[in-house]
Amino acid sequence: MVIAVDFDGTIVENRYPKIGDELPFACETLKMLQKDQHHLILWTVREGVALEEAVEWCRKRGVVFYAINKDYPEESDTKSEYFSRKIKADIFIDDRQVGGLPDWGQIYHMIRDNKTIKQLIREESRSQVDRRETTKKKHWWSK
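Residues numbered from 1 in each chain as written. Predicted model: local features only at pLDDT ≥ 70, side-chain atom pairs only at ≥ 80, totals over all residues. Heavy atoms only, no water.

J.: Teacher, can you tell me more about the sheet that holds strand β4 (residues 91-93) here?
T.: Working definition: the strands of a sheet are paired by backbone hydrogen bonds and lie parallel or antiparallel to each other. Strand order in the open sheet formed by four strands is β3-β2-β1-β4, with parallel pairing between adjacent strands. In the strand order of this sheet, the two ends are held by β3 (67-68) and β4, each with one partner. Relative to β3, strand β2 (residues 39-42) is paired through two bridges, and the arrangement is parallel. Bridge pairing in β3 links L42 to I68. (Pairing = 2+ DSSP bridges. Helix = DSSP H or I, 4+ residues; strand = E, 2+ residues; numbered from the N terminus.)

Next comes the structure, spelled out in structure tokens:
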């Protein structure tokens, strides 16, 4: 799959134009997605030096993108009649999405297991109930 990933507020805390602290497990999850053969595109409003800093920040942490603000690396960004800044991706990961940004563990399971956030939350609730039922204290009158 092709996955477009925002930078500020998604991989790092939003401190634009500075680079914020990494959100927990962001880079580790992105590397796992790459290991699973997904193509990652950095999809950000950053340009020029600010973009170069973001790309280098990710590279130092082992995340090298398939393309940056493009559909594929060789795509020309000259403003021809056929160029569109709109990325053609299967999935977009962005802190501004409806419902906000899930944590990176949930994002990974949503992609790997093809599940919605609603399904993950329902499963987590069920497993918490199951854990509580198995750890209930036995009373002297029960067998």
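This is not the end of the story, as more comes after the structure.
J.: Please clarify how the nonpolar core should be interpreted in this entry.
T.: If you look at soluble globular proteins, the nonpolar side chains tend to sit buried side by side. In this structure, F7, I11, L30 and W104 are the most contacted members of the largest nonpolar core, which totals 23 residues. Residue assignment for this core shows that the elements contributing at least two residues are β1 (2-5), α1 (26-35), β2, α2 (48-60) and α3 (104-113). In this structure, L30 is in contact with V5, I11, L40, V63 and W104, ignoring residues within four places of it in sequence. (Core = buried A, V, L, I, M, F, W, Y, C linked by side-chain atoms within 4.5 Å. Buried < 20%, exposed > 50% of the residue type's maximum accessible area, 1.4 Å probe, protein only. Contact = heavy atoms within 4.5 Å.)

J.: Quick question: what am I supposed to make of the pattern of salt bridges here?
T.: It is possible for side chains of opposite charge to pair when their charged atoms get near one another. Scanning the entire structure with this criterion turns up eight salt bridges. Between R46 and D8 there is a salt bridge, with its nearest N and O atoms 2.7 Å apart. Residue R46 is found in the loop between β2 and α2, and its partner D8 is found in the loop between β1 and α1; the two are separated by 38 residues along the sequence. Per residue, the accessibility class of R46 equals that of D8, and both read buried. A salt bridge links K115 to E123; its shortest N-O distance comes to 2.6 Å. Residue K115 is classed as partly exposed on the basis of its relative accessible area, which comes to 25%. (Salt bridge = Lys/Arg side-chain N within 4 Å of Asp/Glu carboxyl O.)

J.: When you look at the layout of surface pockets in this model, what are you seeing that I'm missing?
T.: One way to see where empty space is left: roll a probe the size of a water molecule over the atoms. If you add up the space inside the largest pocket, you get close to 230 Å³. If you go around the largest pocket, you meet 11 residues; those closest to its centre are D6, D8, T44, V45 and D94. A breakdown of the residues in the lining of the largest pocket according to their chemical character gives three nonpolar, two polar and six charged. (1 Å grid on protein atoms, 1.4 Å probe; cavity = no way out; pocket = protein on both sides within 12 Å on 5 of 7 lines; lining within 4 Å. Points joined across faces, edges and corners; volume = space filled by probe spheres on them. Nonpolar A, V, L, I, M, F, W, Y, C, P; charged D, E, K, R; others polar.)

J.: Would you explain unusual backbone geometry in this entry?
T.: Backbone phi values are negative for most residues with the exception of glycine, while trans is the configuration of most peptide bonds. Looking along the chain, the bond that leaves Y16 and enters P17 is cis, with omega of 10°. In the Ramachandran plot, F25 falls in the positive-phi region, its phi being about 70° despite a non-glycine side chain. Mapping F25 onto the fold places it in the loop between β1 and α1. Given a relative accessible area of 61%, F25 falls into the exposed group. The residue N69 is not glycine, and still its phi comes out positive at about 55°. Mapped onto the fold, N69 is located in the loop between β3 and β4.

J.: I'm lost on α3 in this one. Help?
T.: An α-helical turn contains 3.6 residues, so a residue and the one three or four places further along point in the same direction. Within α3, the full set of buried residues consists of W104, I107, Y108 and I111. Along the long axis of α3, the arc covered by the buried residues comes to 100°, so they all point the same way. The inward-facing, buried residues of α3 contact β1, α1 and β4. Of the residues that open α3, the one with a side-chain oxygen 2.9 Å from the backbone nitrogen of G105 is D103. One or two residues past the end of α3 sits N114, with phi positive at roughly 55°. (Arc of directions from axis to C-beta. Polar contact = N/O pair within 3.5 Å; in protein donor to acceptor, adjacent residues only side chain to side chain.)

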